[in-house]
Every structure is written in structure tokens, then in C-alpha cells.
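# Chains, contacts and geometry: an overview
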Amino acid sequence: SQTIHQWPATLVQPVGSPLSLECTVEGTSNPNLYWYRQAAGRGLQLLFYSVGIGQISSEVPQNLSASRPQDRQFILSSKKLLLSDSGFYLCAWRDRGLETQYFGPGTRLLVL
Amino acid sequence: GENVEQHPSTLSVQEGDSAVIKCTYSDSASNYFPWYKQELGKRPQLIIDIRSNVGEKKDQRIAVTLNKTAKHFSLHITETQPEDSAVYFCAAVINTDKLIFGTGTRLQVFP
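Below or above, wherever it landed, is the structure these notes cover. (Residues numbered from 1 in each chain as written. Chains lettered and ligands numbered in written order. Predicted model: local features only at pLDDT ≥ 70, side-chain atom pairs only at ≥ 80, totals over all residues. Heavy atoms only, no water.)

Within the largest apolar cluster, 23 residues are counted, with the highest numbers of intra-cluster contacts made by Trp35, Phe73, Leu75 and Leu107 of chain B. Those elements giving two or more residues to this core turn out to be strand E2 (10–14), strand E3 (19–25), strand E4 (32–38), strand E5 (45–51), strand E7 (62–67), strand E8 (72–77), strand E9 (86–94) and strand E11 (105–110) of chain B. In this structure Leu75 of chain B touches Ala19, Val20, Ile21, Trp35, Ile47, Ile48, Ile62, Ala63 and Tyr88 of chain B, once residues within four positions along its chain are discounted. Grouped together as the second largest cluster of nonpolar side chains are 19 residues, Cys23, Leu81, Cys91 and Val111 of chain A included. (Core = buried A, V, L, I, M, F, W, Y, C linked by side-chain atoms within 4.5 Å. Buried < 20%, exposed > 50% of the residue type's maximum accessible area, 1.4 Å probe, protein only. Helix = DSSP H or I, 4+ residues; strand = E, 2+ residues; numbered from the N terminus. Contact = heavy atoms within 4.5 Å.)

Listed below in C-alpha cells is the structure:
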């Protein structure tokens with residue numbers, strides 16, 4: 001069966017520091033991968049999605065970037081964090097032939 | 001751009017009563033509509049979905065209805081229980097690859 005991992009689970013970072021969040025999927029090949037952000041008490045904002053290695057689509061212009069160096073690995077990065085980057089970051093995957101997206105456990109980021 | 005509107009934002013019901021959450025979408029090409037339940041501090045979990053070739057789908061106490069003409073779809077929970085308390089999100093597929101989510105409904109079921 002398929003599983004999705006995210007790490008770290010929680011992170012506290014100072015403003016201006018870099019960021020790297022990792023997401024990996026097991027048990028599937030060539031999935032679509034997604035990064036969402038959820039501010040406290042709010043909805044899900046799509047940040048990036050990828051349909052294949054090296055293919056990244058950006059939904060919201062900001063100081064974040066994403067990369068997909070391997071088929072089942074999706075990384076979210078920032079060179080300099082802002083206070084407004086705080087939130088719950090969720091990775092999701094979808095089988096190429098199906099519509100349903102499944103979410104990872106998330107990373108809770110607090111920028112101070 | 002494409003969007004999904006969701007109402008109400010909060011909903012309080014007595015245990016055993018029914019709860020209904022409504023969504024409307026803008027992209028007439030959307031053909032897949034999932035519903036997710038998110039408990040406090042947890043990831044969203046898929047609870048039911050519907051495709052555009054059907055008007056209703058039911059899974060025990062949960063049902064979803066779709067009106068493609070009006071671009072409306074709704075989640076119905078019957079015989080609510082305290083463990084149904086959570087935030088519920090509707091979504092619609094956009095351009096095959098993306099889901100656009102509603103803003104969420106916080107459901108509280110009081111014993």
C-alpha cells in the first residue's frame with residue numbers, strides 16, 4: 001500500500017533563516033505531488049504541484065520554491081523565511097490515473 | 001479565476017441531528033468533487049467523493065449530492081455523533097491536475 005512521509009513534524013525557525021521540508025511517497029510510481037499551506041484556522045492553499053521529475057508548477061508567487069529531484073521526493077524550500085510563512089505545510093500525492101489526493105501528516109512551521 | 005465557495009463556515013448541531021454543508025464551484029468543466037474531514041492538528045482525510053456522472057452517493061451516515069446544472073454539491077451527515085466534530089472541506093478538480101478547496105466548515109456536535 002502507499003504511504004506518504006513528511007519531515008520534520010514540527011519546526012521553529014527565526015525570520016530570515018532558510019527552510020527545507022521534505023516529502024516522500026512509497027508504494028507508487030510517477031505520482032503527482034503537491035504542496036499546500038494551511039494558516040491557523042484557515043483553508044488549504046495550493047503552493048506547488050509536480051507531474052514529474054524536475055517539473056514544477058507554481059501557484060502563488062512568494063519566497064518559497066519547490067523541487068522534485070526524484071520520482072517520489074518533493075522538497076519545499078526558502079532562502080529567507082518571513083513571519084507570514086508560519087503555518088501547517090501539507091504534502092499530497094495522487095496516482096496519475098485517478099483523481100483522489102492523499103495528504104501526508106504535515107509539518108507545523110513557526111517562524112519567530 | 002476558478003473558486004469554490006463553502007457554507008456555512010460554522011455549524012453546531014445536537015447529537016443525532018443531521019448536518020448539511022453546501023458548496024458551489026465556478027468551473028463547469030470540473031468533474032470530480034471530494035470531501036475531506038480534518039480533525040484538530042491532523043491531516044485532511046478523504047471521507048467521500050463524487051464524480052459528475054452521478055447525482056448522489058451514499059456511504060453509511062454520509063451522503064453527497066451533485067447538481068451539475070446549478071454547479072452545487074452538498075455533504076449530508078445523518079445521526080451525527082460527537083466524533084463527527086471536525087472541519088470539513090469540499091473541493092473541485094480544476095484542469096485535471098489540481099484541486100481547489102472550499103474555505104471549510106467547522107462542525108460541532110454537542111452530546
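Following the structure, the description resumes.
Further remarks concern the state of the cysteines. Residues and elements named next belong to chain A. Taken as a whole and assessed by the stated rule, the structure comprises 2 disulfides over all chains. Here Cys23 is linked by a disulfide to Cys91, with a sulfur-sulfur distance of 2.0 Å. Its torsion about the S-S bond being -70 degrees, the disulfide of Cys23 and Cys91 is classed as left-handed. Highlighted residues: Cys23 in strand E3 (residues 19–26) and Cys91 in strand E9 (residues 87–94), separated in sequence by 68 residues. The pair Cys23 / Cys91 is uniform in exposure class, with both members buried. (Disulfide = S-S within 2.5 Å.)

There is about 770 Å³ of room inside the largest pocket. In this structure, the largest pocket is lined by 33 residues; those nearest its centre are Gln38, Ala39, Ala40, Gly41 and Arg42 of chain A. Those elements that place two or more of their residues in the lining of the largest pocket are strand E4 (32–38) and E9 of chain A together with E9 and E11 of chain B. It is E11 of chain B that provides the largest number of residues to the lining of the largest pocket, a total of 4 residues. Class assignment of the residues belonging to the lining of the largest pocket gives a composition of 11 nonpolar, 17 polar and 5 charged. (1 Å grid on protein atoms, 1.4 Å probe; cavity = no way out; pocket = protein on both sides within 12 Å on 5 of 7 lines; lining within 4 Å. Points joined across faces, edges and corners; volume = space filled by probe spheres on them. Nonpolar A, V, L, I, M, F, W, Y, C, P; charged D, E, K, R; others polar.)

Another point: a nonpolar patch on the surface. All names here are of chain A. On the surface, Val12, Leu110 and Leu112 cluster together into a nonpolar patch covering about 290 Å² of accessible area. In this structure, Val12 sits in strand E2 (residues 10–13). The class of Val12 is exposed, set by a relative accessible area of 52%. (Patch = residues over 30% accessible without salt bridge, like charges linked within 9 Å, V, L, I, M, F, W, Y side chains within 5 Å. Areas by Shrake-Rupley, 256 points an atom, 1.4 Å probe, with all protein chains shown as cover. Salt bridge = Lys/Arg side-chain N within 4 Å of Asp/Glu carboxyl O.)

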